[in-house]
Amino acid sequence: MLNFSKKLSSKNSNLVIFVDEKGNFADAKNKIQNSVKSKIQLFLKQKKRNKQDSEIISFDIDQLSKCLLVKVTKKNEKNYPEELGSNLYNNIKINKINTLEIYVDSLKLDNNQLVNFISKFIHGFNLKSYSFYKYKTGKKNIPKSDNIICVSEHIEKLKKNINYYKAVEAGVFFARDLVSEPPNVLTPKKYVEEIKKLKKLGLKINVYDEKKLKKLGMNALLGVG
C-alpha cells in the first residue's frame with residue numbers, strides 16, 4: 001500500500017525530485033534540507049554543463065541515499081505520465097532501490113494538474129511492478145509501492161485519484177494472472193470458477209459448456225479446450 005506524508009524524512013532516504021526541461025523544481029514549503037537542496041542544484045548545473053539529457057538520472061546524496069531527478073517535458077501524449085512512472089520503476093529495479101520518497105510538490109504544475117499527473121505517474125509505476133512469481137523460488141527483490149512515500153500537501157486529492165487507478169490495476173493484474181497460469185492449472189473448469197468470482201462486482205456472466213459450444217459450431221475453440 002502506498003504511503004503519504006506532508007514532510008520529507010529527516011533520515012537517510014532515496015528522494016525523487018521532478019524537474020522541468022530547464023532543470024527547475026518547486027519547493028514552496030522548503031521541505032528539502034538546505035544541504036540536500038544545494039547538492040541537487042550543484043548536480044543540475046553540472047548536468048547542464050555536461051549536456052546530460054537523460055529522462056531519469058541519479059546521484060548520491062550520501063553513502064546511504066540517492067536523489068533521482070525525473071525530467072518532465074511538455075509532451076502532450078495521453079499516456080506520458082504512465083510511461084514516465086514505468087520508467088522510474090525500471091530505473092529503481094535496475095539500481096536495486098527498494099525505498100523511495102517521491103516529493104510530489106516539486107513538480108511545477110498547478111494543483112489540479114499536479115494531482116492528475118502524479119496519479120497517472122503512480123499508476124504507470126504500479127502497472128510496471130507486476131510480477132508472476134507463484135511458481136518461482138529464490139529471492140524476490142522487487143520494488144513495491146509499500147516502500148514508497150508520496151510527500152505532498154494534496155494528500156486527500158491524491159488518495160482519491162490513486163484509489164480509482166488501484167481498481168483499474170486490480171483488474172489488469174487479475175487478467176495478467178490468468179494469462180500467466182499454465183494450462184494444466186487454469187483448465188476451462190478452473191477458468192470458469194475464477195471468472196464467476198467477478199459476479200460480486202456486478203459482472204453478468206454466461207457460461208457455455210461443451211454442448212452449447214458444439215451447437216454454436218465453435219469447433220476450433222473446442223479443439224484447444
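What follows covers the overall build of the protein chain. Counting its regular elements, the protein chain contains seven helices and six strands. Helices and strands in the protein chain line up, N terminus first, as β-β-α-β-β-α-β-α-β-α-α-α-α. Over its C-alpha trace the protein chain gives a radius of gyration of 22 Å, far above what one expects of a compact globule, namely 17 Å for 225 residues. Considered along the principal axes of its C-alpha atoms, the protein chain spans approximately 70 × 40 × 30 Å.

A grouping of Tyr208, Leu216, Met218, Leu221 and Val224 is seen on the molecular surface, where their side chains present a nonpolar patch of about 510 Å² in accessible area. The exposure class of Met218 is partly exposed, given its relative accessible area of 35%.

Turning our attention to the nonpolar core. Counting residues in hydrophobic clusters, the biggest one holds 28 residues, and the most contacted among them are Phe18, Leu88, Ile102, Ile118 and Phe121. When contributions to this core are tallied by element, the ones reaching two or more residues are β2 (15-19), β4 (66-71), α2 (80-94), β5 (100-103), α3 (111-128), β6 (148-151) and α4 (155-180). Per element, the largest residue contribution to this core is seven residues, and it comes from α3. When near neighbours in sequence (up to four residues on either side) are disregarded, Phe18 contacts Asn24, Phe25, Val70, Val72, Ile102, Tyr103, Val104, Ser106, Leu107, Ile118 and Phe121. Leu8, Cys67, Tyr103 and Val151 belong to the second-largest nonpolar core, a separate cluster that totals 17 residues.

Looking now at the packing of aromatic side chains. Per the counting criterion, the structure on display carries seven aromatic pairs. For the pair Tyr89 and Phe125, a centre-to-centre distance of 5.2 Å together with 80° between the ring planes defines the contact as edge-to-face. With a gap of 36 residues between them, Tyr89 in helix α2 and Phe125 in helix α3 connect regions that are remote in the sequence. The same class applies to Tyr89 as to Phe125, namely buried. The ring of Tyr133 carries the charged tip of Lys136 above its face, separated from the ring centre by 5.1 Å.

Next up on the list: the confidence of the model for the protein chain. Looking at the protein chain, the pLDDT average stands at 91 and 96% of residues meet or exceed 70. Mean pLDDT values for the elements of the protein chain range from 90 in helix α1 (residues 34-49) up to 97 in β2.

Taken in spatial order, the six strands line up as β1-β6-β5-β2-β4-β3 in an open sheet, and their pairing is mixed. Of all the strands in the sheet, just β1 (3-5) and β3 (56-60) have a single pairing partner and so form its edges. Here the strands of the sheet are splayed against their neighbours by 25° on average, with no regard to which way each runs. Two strands pair when backbone bridges link them, and β2 and β5 are joined in this way by two bridges, in the parallel orientation. Residue pairing for β5: Leu15 is matched across the bridge by Glu101. Across the sheet, α2 lies against β2, β3, β4 and β5, angled at about 155° from β4, the strand it touches most.

Attention now moves to the pattern of salt bridges. Tallied over the entire structure, the rule returns eight salt bridges. Ionic pairing is found between Lys66 and Asp60, a salt bridge with its closest N-O pair at 2.7 Å. Using a relative accessible area of 26% as the deciding quantity, one classes Lys66 as partly exposed. The residue Glu210 makes a salt bridge to Lys214 at a minimum N-O spacing of 3.7 Å. Of this pair, Glu210 and Lys214 both sit in helix α6 (residues 210-215), separated by four residues, roughly a single helical turn. We note that Glu210, like Lys214, is exposed.

Parameters and conventions
- Residues numbered from 1 in each chain as written.
- Predicted model: local features only at pLDDT ≥ 70, side-chain atom pairs only at ≥ 80, totals over all residues.
- Heavy atoms only, no water.
- Helix = DSSP H or I, 4+ residues; strand = E, 2+ residues; numbered from the N terminus.
- Rg over C-alpha atoms; globule rule 2.2 N^0.38 Å.
- Patch = residues over 30% accessible without salt bridge, like charges linked within 9 Å, V, L, I, M, F, W, Y side chains within 5 Å.
- Areas by Shrake-Rupley, 256 points an atom, 1.4 Å probe, with all protein chains shown as cover.
- Salt bridge = Lys/Arg side-chain N within 4 Å of Asp/Glu carboxyl O.
- Buried < 20%, exposed > 50% of the residue type's maximum accessible area, 1.4 Å probe, protein only.
- Core = buried A, V, L, I, M, F, W, Y, C linked by side-chain atoms within 4.5 Å.
- Contact = heavy atoms within 4.5 Å.
- Phe/Tyr/Trp six-rings, centres within 6.5 Å; stacked < 30°, edge-to-face > 60°.
- Lys NZ or Arg CZ within 6 Å of the ring centre and 35° of its normal.
- pLDDT = per-residue confidence, 0-100.
- Pairing = 2+ DSSP bridges.
- Axes fitted to C-alpha atoms, helices over the stretch in contact; angles between N-to-C directions.

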